[in-house]
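# Per-entry structural report
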Amino acid sequence: MSRARQPPLVTGISPKEGAAWTKVTIRGENLGTGPADLIGLSICGHNCLLTAEWMSASKIVCRVGPAKDDKGEIIVTTKSGGLGTSTVSFKLLRPERIGILDQSAVWVDELNYYDMRTDRNKGISPLSLRPSNPLGIDIDKGKIPQKDMELTFPGMSGDFTSENFSATWYLMENHAGTSFEQLKVAASNLKKQATKKNEGSLAYVKGGLSTFFEAQDALAAIHQRLESDGTERVEGSMTQRLENILNRASDTADTLFQEVLGRKDKADSTRNALNVLQRFKFLFNLPLNIERNIQKGDYDVVINDYEKAKSLFGNTEVPVFKKVYAEVETRIRSLRSLLLEKLLQTPSTLHDQKRYIRYLSDLHAPGDPAWQCIYAQHKWILQLLQNCRDEFISGQRVGVGALDLEGDTRPSGLGRLSHTTSLKRGGSLQTTRPSTWRFETPQQVQFVEKLSDVVIGQLPNFWKLWISYVNGSLFSETGEKSGQVEKSKKNARQRQNDFKKMIEEMTHRLVKLVRGALLPATLPQAELNLYGGWENKAELSGCWFTQIIHTVRACHEALAALEIPNDLLQVIQDLLLDLRVHCLMVTLLHTTEDVKRLAEKEDWVVDNEGITSLPSQFEQCMVQMLQSLKEPLEIKAGEMNVLQLDQVQDQASELSMHIMKVFINSLEQLSTKTHGDINSSHNISVDLSSPDRFTSIQECCSPTSEQRLLIILSNCQYLERHTFLNLADHFEKHGFTGTEKITRVSVDAVRDLDRTLFEAYIERQADPIVGSLEPGIHAGYFDWRDCQTPTGVRNYLKEALVSIIAVHAEVFTVSKDLVPRVLSKIVASVADEMCRLMQCVSSFSKNGALQARLELCALRDAVATYLNPESNASFKLALEVLPQLHSGADKKLLEELLNKFKSSMQLQLTCFQPSCIQPVKR
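Residues numbered from 1 in each chain as written. Predicted model: local features only at pLDDT ≥ 70, side-chain atom pairs only at ≥ 80, totals over all residues. Heavy atoms only, no water.

## Observations regarding the overall build of the protein
So the rule is basically this: Think of it this way: any DSSP run of H or I at least four residues long counts as a helix, any run of E at least two long counts as a strand, and we number them from the N terminus. Think of it in three bands: residues with accessible area under 20% of the maximum for their type are buried, residues over 50% are exposed, and the middle band is partly exposed, with areas taken using a 1.4 Å probe on protein chains only. Computed by Shrake-Rupley with a 1.4 Å probe, the accessible areas treat only the displayed protein chains as cover when residues are assessed.
Helix and strand counts for the protein stand at 28 helices and eleven strands. Looking at the protein as a whole, 42% of its 922 residues are labelled buried. As displayed, the protein offers around 51,600 Å² of accessible surface, 51% of which is attributable to carbon and sulfur atoms.

Rendered as structure tokens:
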């Protein structure tokens, strides 16, 4: 009978090699008409039908099983075509166990991996072979945000494996741009997949039906044979016969070994007799052996021999044995005393302490040696701490490491600034130290470090000894058998409060000693004699307190690492809080002194913007101060933010504002210095765009009082616009609160100083100019009521303009930015004086009115750049006092004379024109 279709032919497989359970795609011809038509699939001789998924007549997907052959063909069997052939082969790789750094050419698909051997009794989850694209069409991801999808479909999911799967969500997320025709194709694919899976499972069962029948027949035959054997008579029963045979074998064995066992009993009796003889010899030699082993330090041998002798002769009634055993007990009592003495010796290591305690325990020493050791160590550590203080107070310890020859152990802020670069724009602050300057650690700092060394070196072993005492690990196996471990644990529970008091006493002693050296005001008067005595020592600076805080923190961290309860270490936390607060206050106070000394460093050298190095030095000093406070203000585990304490906030803000005011007061004092107070080595450097201008100012001269006022005014402006704002940012970065108040108070103070200095400068410069106007007007008995026809501007006005030009030159030399402010005020004063003088004239002649108008207009036009509402009003009022010009000839004459004045004074009046000159940056 011929077949309707050709046999299956496999022409390709991808991949061509792989490990067991690799997913492969098989391609070929006549691979079946459907899932039900596929009845067999083997790769390398292994049946892979269970994992096969028929896709089409030319494609099958399956997983390679753990075949025995390393390489073999792919054979497909169908109902319609029968047994097929293959033109390709598959190579099964045997992956070895590899490490994380070894390379492997085998790719294992772990996502969909399942083990048919371990899971053979479990059904294959549909999710293990689920397609990544269940619809079988191209995915077109939408751009709808995930949050919007969650809001639109609350409690649902777009994952098709989820119990709350929403088809709408999945389509909107993965097929937002898919056409309707494509969605129809997707629906058809889903139907095909469902039909294919149902038909494939049923076909598998039908194909293996004969196998199931054969298994059933075999099980039935076995069951029938067992029932037949159980229903026979007892005599002919197979199990009964086996029992009889085993019983006879047992009887025969007993008969054979009876003689052997008898000989063994005789040998044991002889051996026991020899052992007894050996015991006697051991006892007689034991006292001498104990003495020798003690001298050699072999305490373990002594203990073992003693335990052996005690077990043999402890309760003997033989007189000779009792006498020898009594001597052994005498030697053991001496050994107990020796070991206890060694145990209580200090210093000693934790290993030795545990060893001696174990020896004493094994020797059944009276009392509690472990607790005696703990108590002795406690007293010794307390004495070590107190001895540290006594040594430093008595001066027996010589410091190693900050002492200035003048006795000032506190490095100044300027000293800290000495090696920083670019402290100001265009220059640096240089401070020199004496050639004999030396650096030495203050004794208080050495004292705290020594205390920390004692605590960190001794307290951990002390704590570990207690832990070993609590958990019973101090005893040997002999002690455990004798019940000493339980007894020790019971004693530890009873003495837990006593040990807690020991730890508290040591931590309190440490804290009180530190407080006595650094914070004596925090101790009661009664304890100062015991823990104080540091009054003659030098005062510490903030940087030394920072080092001390670092040391105490390290000590606290070392104790916390031992898992000592926090309540026992809280006293150290309280000490750290007080030290951090004190460090903050001391640093602020010392910075105040540093800022006071900044004025001594003023060299009056200005840059292109009229600023000296003083503001930059001040800012750098404050930044250095804040940086030095970084570690004290840092919040470690279990610590609190000191700047959140209301009292500390208020004090820190007040001291910060005081520092600002101190610096502003220093500026004010600099402004009031006399000419003789200025060091002749200081000079004022001029940075102008044109070196040829204002050559009247000499290069090597001390600044005049007016120039000093201008320089300080320029510095005040820089402080208000830059320095204080920068410092506010630095304060906020370092966690300071109340920066707005600090900035506001500082700005108000510098504005007050600026206003005072500005008024002083205006008074010095404007008064001579204003005072020269009235005598100049009436020079030569000039009379407004009887004067000649004007021929030009009179000399008094020209002299006033030259004086204003001189002021302009002086201000411009220092700071270009101050020119409008100063000139406007001086011009306003001159305009006000001219207005007053015009109002005082009772009457004007025609020529007098023309002369007055000429001079007012010439002055107003010359300084027009620096007119303000006040000066404009003064000029307007002065001109209104004058009779009006009605004649065209007078107006023409006035215009000609004004042009003549401007032409003749053109060079001098150039400085009043708006300047586009930019300062030269160095």
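## As for the nonpolar core
Heads up, the condition is: Here, the term nonpolar core denotes a set of buried Ala, Val, Leu, Ile, Met, Phe, Trp, Tyr and Cys residues that are joined through side-chain atoms within 4.5 Å. Residue contacts follow a heavy-atom distance rule, with two residues in contact if any of their heavy atoms lie within 4.5 Å.
With 195 residues, the main nonpolar core has Leu518, Leu584, Phe618, Val822, Met838 and Phe912 as its most contacted residues. Counting residues per element, this core draws most heavily on helix H17 (residues 566–598), at 16 residues. Here Leu518 is in contact with Gln444, Val448, Leu540, Phe545, Ile548, Leu579 and His582, once residues within four sequence places are set aside. Among the nonpolar cores identified, the runner-up in size contains 21 residues, and Ile13, Leu31, Ile60 and Ala67 belong to it.

## Looking at the packing of helix H11 (residues 443–471) against helix H16 (residues 542–560)
In a pair of packed helices, the angle between the axes and the distance between the axes together describe the arrangement. Heads up, the rule is: Each axis is a line fitted through C-alpha atoms, and for a helix only the stretch in contact is used; angles between axes span 0 to 180 degrees, taken between their N-to-C directions. Here the angle decides the label: under 35 degrees means roughly parallel, over 145 means roughly antiparallel, 65 to 115 means roughly perpendicular, and every other value means oblique. Ten residue types, Ala, Val, Leu, Ile, Met, Phe, Trp, Tyr, Cys and Pro, are classed as nonpolar, four, Asp, Glu, Lys and Arg, as charged, and the remainder, Gly among them, as polar.
Direction vectors running N to C along H11 and H16 enclose 5 degrees, while the axes themselves pass 10 Å from each other. Looking at the two axes, H11 sits roughly parallel to H16. In this structure, H11 contributes Val445, Val448, Glu449, Ser452, Val455, Ile456 and Leu459 to the contact, and H16 contributes Trp544, Gln547, Ile548, Thr551, Val552, Ala554, Cys555, Ala558 and Leu559. Classifying every residue of the contact of H11 with H16 by side-chain character gives twelve nonpolar, three polar and one charged.

## A word on helix H2 (residues 167–174)
To be explicit about the condition: Regarding the arc, it is the one traced by the directions from the helix axis to the C-beta atoms.
Those residues of H2 that fall on the buried side of the exposure criterion are Trp169, Tyr170 and Asn174. Relative to the axis of H2, the buried residues are bounded by an arc of 105 degrees and lie together on one face. Those residues of H2 hidden inside the fold are in contact with helix H1 (146–152).

## Description of the side chain of Ser613
To keep it simple, the criterion reads: Polar contact is the term for a pair of N or O atoms within 3.5 Å; when the atoms are in protein, one must be able to donate a hydrogen and the other to accept it, and sequence-neighboring residues count only if both atoms are side-chain atoms.
Here Ser613 lies in the loop between H17 and helix H18 (614–628). Residue class for Ser613 comes out buried when judged on its relative accessible area of 3%. Separated by 2.7 Å, the side chains of Ser613 and Gln617 make a polar contact.

## Brief notes about the sheet that holds strand S7 (residues 59–63)
Going by this rule: Note: two strands are recorded as paired if DSSP finds a minimum of 2 bridges between them.
With mixed pairing, the five strands of this open sheet are ordered in space as S6-S7-S3-S1-S10. In this open sheet, the two strands that pair with only one neighbour each are strand S6 (53–56) and strand S10 (85–86).

## Examining the environment of Ile572
Structurally, Ile572 can be placed in helix H17. Given the relative accessible area of 1%, Ile572 is considered buried. Ile572 sits 64 residues away from His508 along the chain, and the two C-alpha atoms are 8.1 Å apart.

## Brief notes about the packing of aromatic side chains
This is how the line gets drawn: For Phe, Tyr and Trp, rings pair up if their centres lie within 6.5 Å, where Trp contributes its six-membered ring, and each pair is then called stacked (planes under 30 degrees apart), edge-to-face (over 60) or tilted (otherwise). Geometrically, a lysine NZ or arginine CZ counts as sitting over a ring once it is within 6 Å of the ring centre and also within 35 degrees of the ring normal.
Applying the stated criterion to the full structure yields 13 aromatic pairs. Seen from their ring centres, Trp463 and Phe499 are 5.8 Å apart, and the 45 degrees between their planes marks the pair as tilted. One end of the pair, Trp463, is in helix H11; the other, Phe499, is in helix H14 (residues 496–518), and 36 residues separate them in sequence. Exposure remark for Phe499: the relative accessible area of 3% places this residue in the buried category. Measuring from centroid to centroid gives 4.2 Å for Trp466 and Phe499, while their planes differ by 5 degrees, and the two rings are stacked. In this pair, Trp466 sits in helix H11 while Phe499 sits in helix H14, placing the two residues 33 residues apart along the sequence. We classify Trp466 as buried; its relative accessible area is 5%. Among the aromatic side chains, those forming a connected cluster through ring pairs are Trp371, Phe462, Trp463, Trp466, Tyr469 and Phe499. Looking at Arg794, its charged tip hangs above the ring of Phe782, at a distance of 3.7 Å from the centre.

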